[in-house]
Every structure is written in structure tokens, then in C-alpha cells.
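Per-entry structural report
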Amino acid sequence: MPNRRPTFFSFSVSFCFIVFSNVALVASKSTIEPCSNSDSCNALLGYTLYTDLKVAEVASLFQVDPIAVLTANAVDISYPDVENHILPSRLFLKIPIQCSCVDGIRKSVSTKYKTRPQDTLSSIADSIYAGLVSADQIREANSIADPSVLDVGENLVVPLPCTCFNGTDNGLPAIYLSYVVKPVDTLAGIAASYSTTITDLMDVNAMGTTSIKDGDIIAVPLSACASNFPKYASDYGLIVPNGSYAITASHCVQCSCGPGSRNLYCMPSSLAVSCSSMQCKGSNLKLGNVTVQQSSAGCNVTSCAYGGYANGTIINSFSSSLQPRCPGPQQFPILIAPPTYVPDSAFAPAPSPHSDGSTTTTVPKTSKVPSTGSLPGFGPAGAPLGSMSDASTLVNSVSTLPAALLTCLLIKLISPVSL
């Protein structure tokens, strides 16, 4: 009888090679939106803190306004020294960014990271930026020949994923969140958390199946209130997700998108100090003021509305109209206290949504700290098509190594017995 050892040994080596080859080929996916112009849009990143960080430190990681980070997550900015408030590790936040068109693809390239001792491209990508970018993408963006050599204090461009899709979802205003899939996530869970549908998510991300895996980055449409400011305004194109706020006009104006509403409402910010006039010409109304008067013909509604910020001046418009019925009181998104801990719900499939909230005429405050996860809104099926493409990193491949390694070790142990 011929010796069978070489045959079995060859099989075991081949098997292990195939297993590890498959592990190496497992790569995260990311939604890519082709573009052909220089227009930009407001977008959001879903970011999970890798350690305890001050609000200002989180903002610095993305080169954005700390107050904008807070208002995007409906955090009360009236707390003393709120920019230095320490946010807990593993907290999920929505980070507002500008999404540009770069080399025919939508992405954000305004983020720069200054390297520190012990930094590697992998630690920057996987830990500090929580999987929103890959080590290879950072290497390519900065033309790094040898990724094992990083100079301390080097400023690296960090390309981040984002999508615009014309600021709409099925013809309705929407802002898109780039969401990094967690191990416990399912497409159904993400859809439920963000008040959209599985069909809509599949259409937006050009998915053939509902299968997703840890590390994938998908675009999630959030119902929003859109502005109609003129193109010469510095805040042209402002869009605010339902259930949150946005700060603009050099911190003078705060706009909100109330629960279940698509009407942008702007008023003077609590931070307003030295601001241009907020009173509408020819009236005694100030920005955000609305008066109603019932008449036999209907309801006379007079308002002073915000119209953008240009050349250091707050643009406002005075209008008076006759409507069939008087509008109800303005609904404000519920504010939360600056988070000090991460709720258990943050580890459920996808971030837990805010409570739906009840109608209120004032901006409520609460000491309760719910998850700063998704926002209530609408998400009918069908949306502009994007595409899921291989990312340059193998961020999550190592999660399959233990099983593969165990299999190979078992084969090695069995092979002598099989002679």
C-alpha cells in the first residue's frame, strides 16, 4: 500500500491555503455615489467614540464646529462649558460634514489628522475613525510609499464616505448618514431604527440581497427639512434631519426640524451675542416670530422667516398670508443633556431612536440621557441608486481567523493517524 501521508498533507496544506485565501478576500463594502460636478452637500457620519473624548476633541477629529456636533445630536448647548464636556467611550454620534465631488466620486476630504507616537495607518482607520475609512484609503490619499513609517506630527488627509443623492429620497428632502455596520446589525434592524424600509436601503445602496456584514458602510436616508436660501448665502443648501437642530449664521441662528415635520424653523440662537439685525423690515416681528389672527375668511398668518446668511448679514423675509386654518404651535425636537454614559440600547442592532416626543411649544430640557442614535422620520421605498464596492481594507477579516486556524490545527493533528 502506498504511503498516504504526502497526499493527506498536501490536502491539509491546500485546505488551509483556501481557507486563509478566503479570509483575505473578505473585504468591507462601501456605498459609492458617482458625481460629475463640484457641488457639495450636507451629510452625516455615524461615529462611535473609541475612548472618552471632550466635545471639542471629537469636533477636532473631523475639523467641524463643536456646537454643530451637539445640535446635530439634539444635545442642549445651554449647559455651562458644554464644549469641554467629556463624552463617554463607545457613544454613537452623528457628525455633520460637507460632502464634495472628488475625482468623480462623492467623499469628504476636509478632515486632516496629525499623527502621534505609536500611530499606524490601521489604528487611525480602525480605531480613531471607527472604520469609516481604511488604512489603504489613507495611504492612497497621502501617497504614502511605506505605510510602516509615519512621521510624528504629519498631517494626513482622511477621506471619509458620504453621499448626497440630490438631498432627496423619493422626491422628499433627506440627508444621508454613512453608517458603519456592527456585528449585531441586520438590515431590518437598521431600517427600523432609522424609520425607513429595507427596500429603500437596498435601493439606495444598490444591494442585491439583504446580507450585510461587520464593517460595511451603508448610506441611510434620514427624513429632513430643507432650506431654500439663495446660492450666494454661505449656508446655501442647509438641510436639517428630522428631530435635530443646526447652528448657522456665525452661531446667531439655530434652525430645527420638528418631530414629524418637514418645515425648517429658524430662530435666534441662545449663543447669539454680536449679530446683525434679526428684525424684519417694516414690522415689529423678529426672526422666528409668527402671529395668527382668526377671521371669517380663514386665518391671517404673519411671519418673520430666516432666509440665509450672506456677507455677515442675516437675511430675513416678512410675509403675510391667508390660510384655511391657523397653524398649531411650533414643535421642537426634544433636547437631551450632554451624555455622560452609554445606554445599554446602544449595543442593540443599530442605534436606538429617540423617543417620538409629544407636541410642545417650547424647547424642553431633560436630565435623562437617551441614546443619541437615529431620528424619527419617513422612509418610503425606492431611492436614487448608489453602488456597493469593495473597500481597500480587510478590517474585519481577522474575525474569521480563529475558526480557520482551529480547522487547520485539527487537520494537522489528524493527519498522522490517517497514514
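To be clear, the structure that these remarks concern was listed above.
Just so we're clear, the structure is a prediction, and the values are computed from it rather than from any experiment. (Residues numbered from 1 in each chain as written. Predicted model: local features only at pLDDT ≥ 70, side-chain atom pairs only at ≥ 80, totals over all residues. Heavy atoms only, no water.)

This part is about the overall build of the protein. Along the backbone of the protein there are eight helices and 20 strands. Counted over contacts in the protein with a minimum sequence separation of 6, partners at least 24 positions apart contribute 70%. Counting every atom, the protein has about 20,000 Å² of accessible surface; 56% of that belongs to carbon and sulfur. (Helix = DSSP H or I, 4+ residues; strand = E, 2+ residues; numbered from the N terminus. Contact = heavy atoms within 4.5 Å. Areas by Shrake-Rupley, 256 points an atom, 1.4 Å probe, with all protein chains shown as cover.)

This part covers the side chain of S223. Relative to the assigned elements, S223 resides in strand β12 (residues 217–226). By relative accessible area, which is 5% here, S223 ends up buried. For S223, the side chain forms a polar contact with the side chain of R262, separated by 3.3 Å. (Buried < 20%, exposed > 50% of the residue type's maximum accessible area, 1.4 Å probe, protein only. Polar contact = N/O pair within 3.5 Å; in protein donor to acceptor, adjacent residues only side chain to side chain.)

All right, on to the packing of aromatic side chains then. All chains considered together, the criterion is met by eight aromatic pairs. On the numbers, 5.0 Å between centres and 80 degrees between planes, the contact of Y47 with F62 is edge-to-face. Placement of the pair is Y47 in strand β2 (residues 41–48) and F62 in helix α2 (residues 55–62), with a sequence separation of 15 residues. Summarising the burial analysis for this pair, Y47 and F62 share the class buried. Each ring, one from Y265 and one from F332, has its centre 5.7 Å from the other, and the planes form 80 degrees; the classification is edge-to-face. In this pair, Y265 is assigned in strand β16 (residues 264–268) and F332 in the loop between β19 (313–323) and β20 (387–390), connecting sequence segments 67 residues apart. Ring pairing ties together the aromatic residues Y47, F62, Y113 and Y129, which thus form one cluster. (Phe/Tyr/Trp six-rings, centres within 6.5 Å; stacked < 30°, edge-to-face > 60°.)

Bringing the pattern of salt bridges into the picture now. Taken as a whole and judged by the stated rule, the model has four salt bridges. A salt bridge links R139 to E140, with the nearest nitrogen and oxygen atoms 3.7 Å apart. With a closest N to O distance of 3.4 Å, D216 and K213 form a salt bridge. Residue class for D216 comes out buried when judged on its relative accessible area of 3%. When its relative accessible area of 28% is taken as the criterion, K213 is described as partly exposed. (Salt bridge = Lys/Arg side-chain N within 4 Å of Asp/Glu carboxyl O.)

Here the structure, examined in full by the defined rule, presents eight disulfides. Linked covalently through their sulfurs, C255 and C266 form a disulfide whose S-S length is 2.0 Å. Linking C255 and C266, the disulfide has an S-S dihedral of approximately 105 degrees and is accordingly described as right-handed. Of this pair, C255 sits in strand β15 (residues 253–257) while C266 sits in strand β16, and the two are 11 residues apart along the sequence. By the burial criterion, C255 is buried, and C266 matches it. One disulfide bridge connects C299 with C326, the sulfur atoms lying 1.9 Å from each other. (Disulfide = S-S within 2.5 Å.)

Attention shifts here to α2. When α2 is considered as a whole, its buried residues turn out to be V55, V58, A59, L61 and F62. In an axial view of α2, the angular spread of the buried residues amounts to 155 degrees, which keeps them on one side of the axis. Phi turns positive one or two residues past the end of α2, at Q63, with a value near 55 degrees. (Arc of directions from axis to C-beta.)

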